[in-house]
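Each chain, letter by letter, is given below.
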Amino acid sequence: MNTLQQARAQVLQQIQQASTAAGRTAESVQLLAVSKTHPSEMLREMYAAGQRAFGENYLQESLDKIEALKDLEIEWHFIGHVQRNKTKHLASSFAWVHGVDRLIIAERLSSQREETQAPLNICLQVNIDAQDTKDGCQPNEVADLVAQISALPNLRLRGLMVIPAPNHPQAFTDAKTLFEQVKELHAKPEDWDTLSMGMSSDMTDAIAAGSTMVRVGTALFGARDYSK
Ligand SMILES: *Cc1c(COP(=O)(O)O)cnc(C)c1O
């Protein structure tokens, strides 16, 4: 096995162990490979190892990779901060957008998604542990946003996405509680199936609390170099 194959096998094993410990099946947790800053050749190798879902944070970088890897059947997830003036490219080039935190962003994605494409999968980002950040809606805004966004055409509102502060497992439990509470407000409750939480350092806690999708970068690809 090469290094990337080995890293992926190790992460899958960790997911398996955490799921079993939580009384869940490993299939109930999807692995999203977070590939930001890594060159497309590395994604190609990870694809050869069996990985299909990749997460990117920076728009121009991700559009370049989508073009370079268009011969592969990759499911592209945008997990970065969504700027209002960048929604058009997200709507046309991605399968999932995790960082939606305002109605206006969802409305733009909905109107810019082509009817000929499959609906765009959306996660609502919540600032679950009151961090000092502009990203994510407040927990008390989630109910209204779920009711409004789930009624928009060309989108499938799949669930919540959170990025709690490190070493704060209670935030994962709070996210799970909120996720269950608002399901009945969804216009299509059967679409509400995704809790996007957990990264390299905290995926075990996230899975114990009910994560259905872990977003893992460093444990798969190694440390990121932002100097380039
Ligand atoms: C970069 C990033 C990750 C991956 O983090 P690692 O610690 O490298 O696993 C996950 N989620 C989001 C939103 C990120 O920006």
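This is a predicted model, so every value here is computed, not measured.

Of the voids in this model, the largest pocket is the one considered here, and its volume is about 300 Å³. Grouping the constituent residues of the lining of the largest pocket by class yields 6 nonpolar, 8 polar and 4 charged.

Another point: the pairing of strand β5 (residues 120–125). Looking along a regular strand, one sees the side chains alternate between the two faces of the sheet. Counting buried positions over the 6 residues of β5 gives 6, a clear majority of the element. Across the two faces of β5 the burial is the same, with L120, I122 and L124 and N121, C123 and Q125 all buried. As defined by bridge partners, β5 adjoins strand β6 (residues 155–161) across 6 bridges and the pair is classed as parallel. Paired with C123 across the two strands is G159, which belongs to β6. Where the polypeptide runs from β5 across helix α6 (residues 142–149) and back to β6, its parallel neighbour, the crossover connection is right-handed.

Right, let's get into the site of the ligand. Taken together, the neighbourhood of the ligand is formed by V34, K36, N57, I79, I163, M199, S200, R215, V216, G217, T218 and R224. At 2.8 Å from an oxygen atom of the ligand is found a side-chain nitrogen or oxygen belonging to R224. Starting from 390 Å² of accessible surface for the ligand in isolation, the protein chains cover 88%. Placement of the ligand is best described as lying within the largest pocket. Residues of the shell around the ligand, tallied by class, amount to 5 nonpolar, 4 polar and 3 charged.

Once that is clear, we can look at the packing of aromatic side chains. For the structure on display, the rule yields 3 aromatic pairs. Between F179 and W192 the ring centres are 5.2 Å apart and the planes differ by 15°, which places this aromatic pair in the stacked class. With F179 in helix α7 (residues 170–182) and W192 in the loop between α7 and β7 (194–196), this pair connects stretches of sequence that are 13 residues apart. Using a relative accessible area of 8% as the deciding quantity, one classes F179 as buried. On the accessibility criterion, W192 (3% relative accessible area) is buried.

Extensive coverage of strand β1 (residues 30–34) is indicated by the burial of 4 of its 5 residues. Crossover β1 to strand β2 (residues 53–56) through helix α2 (residues 40–48) is right-handed.

Reading guide: rules and limits
Residues numbered from 1 in each chain as written. Predicted model: local features only at pLDDT ≥ 70, side-chain atom pairs only at ≥ 80, totals over all residues. Heavy atoms only, no water. 1 Å grid on protein atoms, 1.4 Å probe; cavity = no way out; pocket = protein on both sides within 12 Å on 5 of 7 lines; lining within 4 Å. Points joined across faces, edges and corners; volume = space filled by probe spheres on them. Nonpolar A, V, L, I, M, F, W, Y, C, P; charged D, E, K, R; others polar. Buried < 20%, exposed > 50% of the residue type's maximum accessible area, 1.4 Å probe, protein only. Helix = DSSP H or I, 4+ residues; strand = E, 2+ residues; numbered from the N terminus. Pairing = 2+ DSSP bridges. Right-handed = clockwise from strand over helix to strand, strands pointing away. Near = heavy atom within 4 Å. Polar contact = N/O pair within 3.5 Å; in protein donor to acceptor, adjacent residues only side chain to side chain. Areas by Shrake-Rupley, 256 points an atom, 1.4 Å probe, with all protein chains shown as cover. Sits in = over half its atoms within 2 Å of the grid points. Phe/Tyr/Trp six-rings, centres within 6.5 Å; stacked < 30°, edge-to-face > 60°.

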